[in-house]
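In case you want the letters, here they are:
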Amino acid sequence: MMSIRQRREIRATEVSEDFPAQEENVKLENKLPSGCTSRRLWKILSLTIGGTIALCIGLLTSVYLATLHENDLWFSNIKEVEREISFRTECGLYYSYYKQMLQAPTLVQGFHGLIYDNKTESMKTINLLQRMNIYQEVFLSILYRVLPIQKYLEPVYFYIYTLFGLQAIYVTALYITSWLLSGTWLSGLLAAFWYVTNRIDTTRVEFTIPLRENWALPFFAIQIAAITYFLRPNLQPLSERLTLLAIFISTFLFSLTWQFNQFMMLMQALVLFTLDSLDMLPAVKATWLYGIQITSLLLVCILQFFNSMILGSLLISFNLSVFVARKLQKILNLKSDEHIFKFLKAKFGLGATRDFDANLYLCEEAFGLLPFNTFGRLSDTLLFYAYVFVLSITVTVAFVVAFHNLSDSTSQQSVGKMEKGTVNLKPETAYNLIHTILFGFLALSTMRMKYLWTSHMCVFASFGLCSPEIWELLLKSVHLYNPKRICIMRYSVPILILLYLCYKFWPGMMDELSELREFYDPDTVELMNWINSNTPRKAVFAGSMQLLAGVKLCTGRTLTNHPHYEDSSLRERTRAVYQIYAKRAPEEVHALLRSFGTDYVILEDSICYERRHHRGCRLRDLLDIANGHMMDGPGENDPDLKPADHPRFCEEIKRNLPPYVAHFTRVFQNKTFHVYKLSRNK
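As the structure is a prediction and not an experimental result, all values here were calculated from the model. (Residues numbered from 1 in each chain as written. Predicted model: local features only at pLDDT ≥ 70, side-chain atom pairs only at ≥ 80, totals over all residues. Heavy atoms only, no water.)

Q: Let's hear about the overall build of the protein chain: which residues, and what values?
A: Scanning the protein chain for helices and strands turns up 32 helices and 5 strands. Within the protein chain, the proportion of its 682 residues that are buried is 57%. Considering only residue pairs separated by 6 or more positions, the protein chain has 72% of its internal contacts joining residues 24 or more positions apart. Total accessible area computed for the protein chain in this model is approximately 29,400 Å², and 63% of it derives from carbon and sulfur atoms. (Helix = DSSP H or I, 4+ residues; strand = E, 2+ residues; numbered from the N terminus. Buried < 20%, exposed > 50% of the residue type's maximum accessible area, 1.4 Å probe, protein only. Contact = heavy atoms within 4.5 Å. Areas by Shrake-Rupley, 256 points an atom, 1.4 Å probe, with all protein chains shown as cover.)

Q: Explain helix 26 (residues 545-555) residue by residue, including any values.
A: Burial analysis of helix 26 places 10 of its 11 residues in the buried class, the great majority of the element. Taken together, the buried positions of helix 26 are Met545, Leu547, Leu548, Ala549, Gly550, Val551, Lys552, Leu553, Cys554 and Thr555.

Q: Can you break down the packing of aromatic side chains residue by residue, with the values?
A: Counted under the stated rule, the structure contains 28 aromatic pairs. Ring centres of Phe87 and Tyr95 lie 4.8 Å apart, and the angle between their planes is 45°; on these two criteria the pair is classed as tilted. With respect to burial, Phe87 and Tyr95 carry one shared label: buried. Judged by centre distance (5.4 Å) and plane angle (50°), the rings of Tyr95 and Tyr98 are tilted. Highlighted residues: Tyr95 and Tyr98, both in helix 3 (residues 89-103), separated by 3 residues, approximately one helical turn. Looking at Tyr95, the relative accessible area reads 3%, which means it is buried. Taken together, the aromatic side chains of Phe75, Phe87, Tyr95, Tyr98, Tyr157, Tyr159, Tyr161 and Trp215 make up a single cluster linked through ring pairs. Lying across the ring of Phe75, Arg83 places its NZ or CZ 5.4 Å from the centre. Sitting above the plane of the Tyr481 ring, Lys476 keeps its charged end 4.9 Å from the centroid. (Phe/Tyr/Trp six-rings, centres within 6.5 Å; stacked < 30°, edge-to-face > 60°. Lys NZ or Arg CZ within 6 Å of the ring centre and 35° of its normal.)

Q: Lay out the sheet that holds strand 1 (residues 540-542) with the relevant residues and their values.
A: Ordered in space as 2-1-3-5-4, the 5 strands form an open sheet in which the pairing is mixed. Looking at the sheet topology across the chains shown, the edges are occupied by strand 2 (558-559) and strand 4 (664-669). Looking at chain direction, strand 1 and strand 2 are connected through 2 bridges and run parallel. Residue pairing across strands places Phe541 opposite Leu559, the latter belonging to strand 2. (Pairing = 2+ DSSP bridges.)

Q: So what's going on with the side chain of His613? Which residues, and what values?
A: Along the chain, the position of His613 falls in the loop between helix 29 (605-608) and helix 30 (619-627). Reaching out from His613, the side chain makes a polar contact with the side chain of Glu610 at a distance of 2.3 Å. Among all residues touching His613, those that are not within four sequence positions of it are Cys363, Glu364 and Arg618. (Polar contact = N/O pair within 3.5 Å; in protein donor to acceptor, adjacent residues only side chain to side chain.)

Q: An account of the pattern of salt bridges is requested, with residue identities and associated values reported.
A: Counted under the stated rule, the structure contains 28 salt bridges. The residue Lys583 makes a salt bridge to Asp624 at a minimum N-O spacing of 4.0 Å. Taken as a pair, Lys583 in the loop between helix 27 (568-577) and helix 28 (586-594) and Asp624 in helix 30 lie far apart in primary sequence, 41 residues in all. Taken as a pair, Lys583 and Asp624 share a single burial class, namely buried. (Salt bridge = Lys/Arg side-chain N within 4 Å of Asp/Glu carboxyl O.)

Q: A description of the confidence of the model for the protein chain should follow, citing residues and the corresponding values.
A: Detailed reading of predicted coordinates is not advised where the pLDDT is low. Of the residues in the protein chain, 85% have a pLDDT of 70 or more, and the chain-wide mean is 86. For the protein chain, the element scoring lowest by mean pLDDT is helix 20 (residues 413-416), at 36; strand 3 (residues 600-604) scores highest, at 97. A low-confidence stretch, residues 1-33 stays under pLDDT 50, and its non-local contacts, those more than four residues away or across chains, total 115 contacts. Every residue in residues 325-329 scores below 50 in pLDDT, and together they form 7 contacts with partners more than four places removed in sequence or on other chains. (pLDDT = per-residue confidence, 0-100.)

Q: Please provide a residue-by-residue account of the environment of Phe164, values included.
A: Here Phe164 shows up in helix 7 (residues 155-182). On the basis of relative accessibility, which here comes to 2%, the residue Phe164 falls in the buried class. Between the C-alpha atom of Phe164 and that of His69, which follows or precedes it by 95 residues, the distance is 10.0 Å.

Q: Give a description of the packing of helix 3 against helix 4 (residues 107-115) that names residues and reports values.
A: Two elements in contact, helix 3 and helix 4, have axes separated by 8 Å at closest approach and are oriented at 145°. Taken together, the residues of helix 4 that come into contact with helix 3 (itself represented by Tyr97, Gln100 and Met101) are Leu107, Gly110, Phe111, Gly113 and Leu114. By residue class, the composition of the contact of helix 3 with helix 4 is 5 nonpolar, 3 polar and no charged. (Axes fitted to C-alpha atoms, helices over the stretch in contact; angles between N-to-C directions. Nonpolar A, V, L, I, M, F, W, Y, C, P; charged D, E, K, R; others polar.)

Q: Report on the environment of Leu559, specifying residues and quantitative values.
A: Its place among the elements puts Leu559 in strand 2. Since its relative accessible area comes to 0%, Leu559 is described here as buried.

Q: Can you explain the state of the cysteines? Please cite residues and give values.
A: Counted under the stated rule, the structure contains 1 disulfide. With a sulfur-sulfur separation of 2.0 Å, Cys608 is cross-linked through a disulfide to Cys650. Negative torsions about the S-S bond denote left-handed disulfides, and the value of about 80° found for Cys608 with Cys650 makes this one right-handed. Of this pair, Cys608 sits in helix 29 while Cys650 sits in helix 31 (residues 649-652), placing them 42 residues apart in sequence. (Disulfide = S-S within 2.5 Å.)

Q: Break down the packing of helix 19 (residues 383-407) against helix 21 (residues 427-445) for me, citing the residues and quoting the values.
A: For the pair helix 19 and helix 21, interaxial distance at closest approach is 11 Å and the crossing angle is 120°. Judged on the interaxial angle alone, helix 21 and helix 19 are oblique. Between helix 19 and helix 21 lies a crossing whose hand is left-handed. Seen from helix 19, the contacting residues are Tyr387, Leu391, Thr394, Val395 and Ala398; seen from helix 21, they are Leu433, Thr436 and Ile437. When grouped by side-chain class, the residues that make up the contact of helix 19 with helix 21 number 6 nonpolar, 2 polar and no charged. (Parallel < 35°, antiparallel > 145°, perpendicular 65-115°, else oblique. Left-handed = near helix turned anticlockwise from the far one by under 90°.)

Q: Any details on unusual backbone geometry? Residues and values, ideally.
A: Here the phi dihedral of Trp74 falls at roughly 55°; this positive angle occurs in a residue that is not glycine. For Trp74, the position within the fold is in the loop between helix 1 (36-73) and helix 2 (80-85). Classification of Trp74 as partly exposed rests on a relative accessible area of 39%. A positive phi angle, near 70°, is found at Leu382, a position not held by glycine. Along the chain, Leu382 turns up in the loop between helix 18 (373-380) and helix 19. You can call Leu382 partly exposed: its relative accessible area is 27%.

Q: Tell me about the pairing of strand 4, and please be specific about residues and values.
A: Of the strand pairs in this sheet, strand 4 and strand 5 (residues 673-678) are connected by 5 bridges, and their pairing is antiparallel. What sits directly across from Gln669, in strand 5, is His674. Where strand 4 folds back on strand 5, the antiparallel hairpin that results is connected by 3 residues.

Q: So what about the side chain of His674? Which residues, and what values?
A: Inspection of the secondary structure assignment puts His674 in strand 5. A distance of 3.4 Å separates the side chain of His674 from the side chain of Gln669, its partner in a polar contact. Ignoring anything within four residues of it in the chain, the contact list for His674 reads Val601, Ile602, Leu603, Asp605, Lys654, Arg666, Phe668 and Gln669.

Structure (structure tokens):
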């Protein structure tokens, strides 16, 4: 199939620098119109058609997802409070800062309110720009105030349309990456079709719009496309500089918009390190990419007021270690992300834990193993079969190339005497191969991270089916090699798959677009309206993280805790507040809540009597275990767990017994929520 790709010596004929094709092995040049002018016109025509399709498919995907969101909630018809409630959990918290900036009398006052915030965590003043990745909300609020669109577009629509617009960029970037790898825009079209038909497993933007990953992943896709182009040999100096600029900007924006950026880029750094060590990547280009990662992260660190979680990230430590001959290993003892390492330790069986924070993650489905039925859905679209087919071939090639590079690392002469028929793996292909493998392992271990893998799976599978090198190797292995057969296979197979996808999934997509539903959560709406009408604006509320994010967005009241869990003091505070669902005495719970300045506490029946999780994973069970108490219900308990001295607080408070009435007065209730006002006596 290909000759060994050595970074010490690259033949200019291996890859054309003017077009994202793999012309070395495609003996189709003779099929193009003769003459330089005709070939140039052919390339311009192909680029024009392919680029137009890329833009169109991106815009259509954006409109499709926005329509699904509208149809699912009837977003244009529901009240403002219902729209805000639809931004569940942390989504509501992030959107509240966009709303806060718009409601500020001036931009300066808006910035001051974010830097000196005393409403997100009661009795504390925190710098939100340091603690959270909310610069995107700040930027959008400034745009909305500056642009003359207030009369035509509501703030919430400006926000959600921006996110759906980013989806257009996301799909376009996936399209371009596949095109760059394969040399034909047909590959990009197939990648985009697979992304849409596997929507359940490739994105969740239509129901978690403000989530940080929905901001970040489009920039991550742009970065991967730019790196794919950058790793091609023989780039012109201007093209290389512009590509490096694109990599830097996309890496910076990705880092700025997602708190987990450092962990994703650490895996990316491991990809570069692996390829560099196996001599499958030019060392100079790898060094540039290491430097861009560090520079982007340090710039984000400055913008986030020297956030300690970034300064102590393993990514910076790893990249610095590469710069000093791979001998320096820095490990900083920080607490901001220690819960992640506790979670990983317990998840991979490196020791049982009773740590509340680690168990809180372990018991959530999103942080569990990737469900097996995911592969069934991916197989229905033929994506999984194509992916395994391409992956198996490219992994085999990578092993051959790595073995040859390692065994021949001391023999410079052999490089120039390679046979034309030996195996070759281009740097951009090798990068995407290791990338998809590492992120595949991440997705298999943690379901929430599958969106990083499945979207790239669409790219990698479509590239392989349209790659002349893949088909050349396959046809040679069965002694059917012929340039015409390569041409037939690389175009006919993706076209047949596209026809199959249209035939099988087009009717279902049309049914989805015609299915109309409506947002309905009367209990939460009633709660928010009551809070707005019957409590002081400076009142402090305690409750579950998920609910309190909505309380802040819909009412602007002060919170005791919230879902942005990347802070050790907040995690301790949340554990203390959650004692309302544990077996604790009323005076103990009252003292804990009052220590945070709590005026009202909201109890949820869905948590107190939870049945969604199995025994041992219900929130009340996690609290019992952390407190050393035996769990409720039939089943085994660890021998060192003891019966609690008090009944469960959230159940017993409803009986209105004197010890509870002395500290808590019920002021609101409906079928879902119970609100109690705390007495101020000690």
